[in-house]
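Inside the fold
Given next are the chains, with one letter for each unit.
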Amino acid sequence: MTVSLREVNKKILGYVSLTFLGYFTIGLSLATLPIFIHQILGFNTIIAGLVISVQYIATFYYGVMLEK
């Protein structure tokens, strides 16, 4: 069975684009969430840092749970 190079490239491009979107989504929220918590909601920087830590832990935990 032969597979054309174009089919392989389409498959690889799909995986790469979905991976990029996943990292972009996580990175975007990590960049904007502390500003929103500190400036808009009015909490201090310690609370903003704790929220980012909780988001990081939740992302890590969710990734571990998906691997099971």
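A brief report on the enclosed structure follows. This is a predicted model, so every value here is computed, not measured.

Scanning the protein chain for helices and strands turns up two helices and zero strands. Taking 68 residues into account, the globule formula puts the C-alpha radius of gyration at 11 Å, and the protein chain, at 18 Å, lies well above it. Dimensions of the protein chain, computed from the C-alpha atoms along their principal axes, are close to 60 × 25 × 10 Å. Residues classed as buried in the protein chain amount to 4% of the 68 residues present. Of the accessible surface of the protein chain, which amounts to about 6200 Å², a share of 73% is contributed by carbon and sulfur atoms.

Looking now at helix α1 (residues 5-40). Working note: α-helix, 3.6 residues per turn, so residues spaced by three or four point in the same direction. Between its first and last C-alpha atoms α1 spans 50 Å; for 36 residues at 1.5 Å apiece the expected length is 52 Å, and the two agree. Just beyond α1, the residue with positive phi is G42, at close to 85°.

Bringing the layout of surface pockets into the picture now. A volume near 160 Å³ is recorded for the largest pocket. In terms of lining residues, the largest pocket is bounded by Y23, I26, L30, Q55, Y56, T59 and F60. Elements represented by at least two residues in the lining of the largest pocket include exactly α1 and α2 (45-67). The dominant element in the lining of the largest pocket, judged by the number of residues it contributes, is α2, at four residues. When the residues that make up the lining of the largest pocket are grouped by side-chain class, the tally is five nonpolar, two polar and no charged.

Reading the values: the criteria
Residues numbered from 1 in each chain as written. Predicted model: local features only at pLDDT ≥ 70, side-chain atom pairs only at ≥ 80, totals over all residues. Heavy atoms only, no water. Helix = DSSP H or I, 4+ residues; strand = E, 2+ residues; numbered from the N terminus. Rg over C-alpha atoms; globule rule 2.2 N^0.38 Å. Buried < 20%, exposed > 50% of the residue type's maximum accessible area, 1.4 Å probe, protein only. Areas by Shrake-Rupley, 256 points an atom, 1.4 Å probe, with all protein chains shown as cover. Expected span 1.5 Å × (residues − 1). 1 Å grid on protein atoms, 1.4 Å probe; cavity = no way out; pocket = protein on both sides within 12 Å on 5 of 7 lines; lining within 4 Å. Points joined across faces, edges and corners; volume = space filled by probe spheres on them. Nonpolar A, V, L, I, M, F, W, Y, C, P; charged D, E, K, R; others polar.

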